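Each chain, letter by letter, is given below.
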Amino acid sequence: MSKNRVPGFSGPPKWAVSFFLWYSNDHLKDAVLGDLLELHQQRRKLMGKRKADWLFVFGVVQFLQPFAVRKKGRSTHLKHLDMFRNYIKIAWRSMNRQKMYTAIKIGGFALGLATCMVIFLFIRFELSYDNIANADRTYRLYNHYLGQDGGKWVSTPANMASVIRTSYPEVEKVGRLIPYQWFDGGSNLVRRDDRAESTFEEKIAYADNDLLDVLAIPMVYGDRSKALSQPMSIVISRAKADKYFPNENPVGKLLVLNDDKTKTFTIGGVMEDFPPNRHIDFDFFLTLSNVEFWKGEQDSWCCWNYDVYMRLRSDASVPELEQKMLSIKDTYYVAYLKETGNTSEADVKKNHTFKLQPIRDIYLAGMEVGDNFRHGDIRYTWLFGSVAVFILLLACINFINLSTAKSANRAKEVGLRKVVGSFRSSLIRQFLTESLLYSFISFAIAVFILILALPFFNSLAGKTLTIPWGQWWFFPILIASALFIGFVAGMYPSFYLSAFKPIDVLKGKVSRGSKSGSLRSAMVVFQFTTSIILIIGTFVIYRQMSYILNAKIGFDKEQVLMIQGANTLGNNSETFKTEVSKLAGVERVTINNYLPVYGTHRDQNSFWREGKTKEEKGIGAQAWWIDEDYIATMGIKLLDGRNFDRSIASDSAAVIVNQAAVKELGLKNPLDERIENWRKWKVIGVVEDFHFETMKQKIGPLVFMLGKGGSVVSIKVSSNKMTKVIDEVSQVWKTFLPNQPIRYTFLDESYARMYDDVTRTGKILTSFSVLAVVVACLGLFALSAFMVEQRNKEISIRLVLGASVNNIFRLLTQNFVIMVAIAFVIAVPIGWYLMRSWLEDFEYKIPLTWDLFAMAGLVSVVIALLTVSYQSIKAALINPAQRLKAE
């Protein structure tokens, strides 16, 4: 130690002193530092320098609490962070003080957000259909007839694709598809060539090799450019490859169709399974190479069974190509009509056109263009989206209503903050922070609800929606949405609450400010208007469905058992029919391909009344080949004439027509008339009109012709004997086809499935209606509780002066009932207009009677009364002395 240095005066570490001086408050640092230095010197004498230095550092760290940290000179960023942290604390304390209101705000928010999330996933899925490679250049050809009975349909002759391929260089690739497999009787039985038992498969179609390329179908095994190029070749999906040839490459293996060795196909490739968002969904493509279903059809315009898809060059103009394609009609179709003696070419030239439909428009176009595919409806897509937005609005309205209703409780806080120097901008930021906190908590709960609700929604809607956790945009969109919705919902309350003047608050002028609730009342009216419209929609849809399923449809769909795959019986089909007819409980049996439910075989023909020249356009009518037992089995009423009789040889040239055909053909005395298409027919009977398509369509002309055979055995069973008959029919089936399992359905179930889309819409709308009512009632319950809280003194005085429980109940509920009544008046015309537009899709529909709207209004009033009754009755039953003793 230096001789000149005074013992005991060596100071603490300089860096610790500098740290203390930098971070401590100016008004504390001098006094505190002096104390610390004095204490350091004393400790040094007693403990030594090293230990005294450590204790000094420890004292500095211990002293620097939040109250002692220097504020001046801190960065703006740190100041903002402190301020934001303070806002969060205040918001959290406010939420804890008002637990019921907080739960209602967050619960309503979460329900609305979860609904929006589900509908967002639904809309995204619907709009993603057929988003294949080169989708912007891929089109489907369809026919558009502009005449009186105009329509749009996709079927074209077999040689249409080859004409397009050779005539129009704008077309890069063209392929054909036959999206059904009814040429083999409609029974799709598949087996390996080395196995005995066949399996029924539903998704089988015919396709050109080029179609695989046009539709950009990815391959697992095989060469896409050659997979269907050879005769008797087949392409199967990955799922079917795993089913029939597990753990192996099946290319080159053999599959037998319909247990017929002459229909043995060689697997040319395995394609990836079609995703659920494709309008085409097949597991088997049979080649069209060297296939001809009708003699000479490949070089003729006789048989319109082929759908045509094409991919255009990038520089092709669709309108110009459509105009050029009119030459096909004049060059080929009109020439065919002249050649066959049909002189209606003038009508064809004038009214028949060809159009191109973008592949991405096919699914959401509904049934605008007739085809054999499943379809969505863009109107329903946006309807559900609108409903979800309205439900979210209801939740936001709850937040705004409750925030402004509780204004009296926050007024004193706002006034005091302004008195001590808070700016309005700071208060706005504080209240917006509260709103954002509500929003983020609600979003977290909404995601949890989404996880639980999505399987239920998929079941209702028949979809396979999934949460896109792995998509890069999912979480950024969630965060951005939480910020946006929190900001929007909190903006009005923030400006409203921050506008209170301190002088008014302290004088008590806003203590009852919650009663100035005209805007709040308007929002409640909006909530219940939306709810009543949804309730009206639910009632109308369910009444329409009840009408469809229970209306007189012209045939008896009950107790009819349908055995599928009967064409594989071959020559034994009539023997099978005879054996089944002998069973007790079986009333009638018929075998055919034509049934009065959508999705079974159809055959559209043109018919003329005899003597009319074919220069006139014939009527379009369904031509069904049936046996003599069909009419009785289906319970169709014969109005005039007689049924078919195979013992009468002339019945091979006889027909039975429905009333619509009689009217369209102008048959005044039908039994004395003849009609013709490709041959002449004598009318021997007239049946009552019956619905053989959905009730969205008018009953059209129908012509029955005597035939034999088909793929469906329809069995009319006596009441209460269905189970026994099924067992006995199964035993008979095994005696004929021991290696083929029996498949059966019921006619009434098939009829109901025609309206699955309407049923799903009804269920989804019902779910949304319940959600909307729940959200609206949450807000109504909270408002009623708050109103009771604000009027406690008034209610107590009224009770002391003799008011009854009924008087208090009426006082507290009448305003809410009036608001619901106003909402009902507004909702009725809107609901009537929307439901009338929806019912226009149906040719046969219910009337929009007053009772539908009255029921919706009654339900709304009852729900509102039940919601506010608890708080009202509770307020009326409490002893007024308990409330007034503190006054």
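All figures in this text were calculated on a predicted structure; none of them were measured in a lab. (Residues numbered from 1 in each chain as written. Predicted model: local features only at pLDDT ≥ 70, side-chain atom pairs only at ≥ 80, totals over all residues. Heavy atoms only, no water.)

A. Region of the structure containing a nonpolar patch on the surface. On the surface, Ile818, Ile822, Ile826, Ile830, Trp832, Tyr833 and Leu834 cluster together into a nonpolar patch covering about 630 Å² of accessible area. For Tyr833, the position within the fold is in helix α25 (residues 805-839). The class of Tyr833 is partly exposed, set by a relative accessible area of 47%. (Patch = residues over 30% accessible without salt bridge, like charges linked within 9 Å, V, L, I, M, F, W, Y side chains within 5 Å. Areas by Shrake-Rupley, 256 points an atom, 1.4 Å probe, with all protein chains shown as cover. Salt bridge = Lys/Arg side-chain N within 4 Å of Asp/Glu carboxyl O. Helix = DSSP H or I, 4+ residues; strand = E, 2+ residues; numbered from the N terminus. Buried < 20%, exposed > 50% of the residue type's maximum accessible area, 1.4 Å probe, protein only.)

B. Region of the structure containing unusual backbone geometry. Although it is not a glycine, Asp130 sits at a positive phi angle of roughly 60°. By the secondary structure assignment, Asp130 is in the loop between α5 (99-127) and β1 (138-145). Among the residues examined, Asp130 registers a relative accessible area of 2% and is labelled buried. Despite not being glycine, Asn134 shows a phi value in the positive range, around 60°. Position of Asn134 relative to the elements: it lies in the loop between α5 and β1. By relative accessible area, Asn134 is classed as partly exposed at 34%.

C. Quick peek at the packing of aromatic side chains. Applying the stated criterion across every chain, the model contains 34 aromatic pairs. Consider the rings of Phe384 and Phe768, whose centres lie 6.0 Å apart with planes at 75°: the pair is edge-to-face. Of this pair, Phe384 sits in helix α12 (residues 378-405) while Phe768 is found in helix α23 (residues 756-790), placing the two residues 384 residues apart along the sequence. Relative accessible area serves as the criterion here: at 5%, Phe768 is assigned to the buried category. A connected cluster of aromatic rings, assembled from ring pairs, spans Phe555, Tyr594, Trp624, Tyr630, Phe690, Phe692, Phe704, Tyr751 and Tyr755. (Phe/Tyr/Trp six-rings, centres within 6.5 Å; stacked < 30°, edge-to-face > 60°.)

D. Fine view of the nonpolar core. Membership of the largest hydrophobic core comes to 120 residues, with the highest contact counts inside it found for Phe457, Trp624, Ile636, Phe704, Tyr751 and Trp838. Residues in contact with Phe704, not counting those within four places in the same chain, are Trp624, Ile626, Tyr630, Ile631, Ile636, Phe644, Ala654, Val655, Ile656, Val687 and Phe690. Core analysis: the second largest hydrophobic core is formed by 24 residues, Ala161, Ile164, Met310 and Phe354 among them. (Core = buried A, V, L, I, M, F, W, Y, C linked by side-chain atoms within 4.5 Å. Contact = heavy atoms within 4.5 Å.)

E. Representation of the environment of Glu728 within the structure. Assignment of secondary structure puts Glu728 in helix α21 (residues 722-736). Taking the relative accessible area as the measure of exposure, Glu728 reaches 25% and is therefore partly exposed. Excluding anything up to four places from it in sequence, Glu728 contacts Leu583 and Ala584.

F. Structural context of the pattern of salt bridges. All told, the structure shown has 38 salt bridges when counted by the stated rule. For Asp210, the salt bridge identified is with Arg165, shortest N-O distance 3.8 Å. Pair noted here: Asp210 is in helix α7 (residues 209-214) and Arg165 is in helix α6 (residues 160-167), with a separation of 45 residues, a long-range link. A relative accessible area of 41% means that Arg165 is categorised as partly exposed. Look at the salt bridges and you will find they share partners, linking Arg137, Glu172, Lys173, Asp213, Arg224 and Arg311 into a network.

G. Summary view of the side chain of Arg192. With respect to the helices and strands, Arg192 occurs in strand β5 (residues 189-192). Residue classification places Arg192 among the buried positions, given a relative accessible area of 13%. Within the structure, the side chain of Arg192 is placed 3.0 Å from the side chain of Asp194, a separation counted as a polar contact. From its side chain, Arg192 meets the backbone oxygen of Tyr244 in a polar contact 2.9 Å long. Those residues in contact with Arg192 that lie beyond four places of it in its chain are Tyr244, Phe245, Glu248, Leu254 and Leu255. (Polar contact = N/O pair within 3.5 Å; in protein donor to acceptor, adjacent residues only side chain to side chain.)

H. Seen up close, the pairing of strand β10 (residues 254-257). The pairing of β5 with β10 spans three bridges and is classified as antiparallel. When the bridges of β10 are listed, Arg191 appears paired with Val256. As paired elements, β10 and strand β11 (residues 264-271) share three bridges and run antiparallel to each other. The residue bridging Val256 from the neighbouring strand is Thr264, located in β11. From the end of β10 to the start of β11, which pair antiparallel, there are six residues, and Asn258 there has a positive phi angle of about 55°. (Pairing = 2+ DSSP bridges.)

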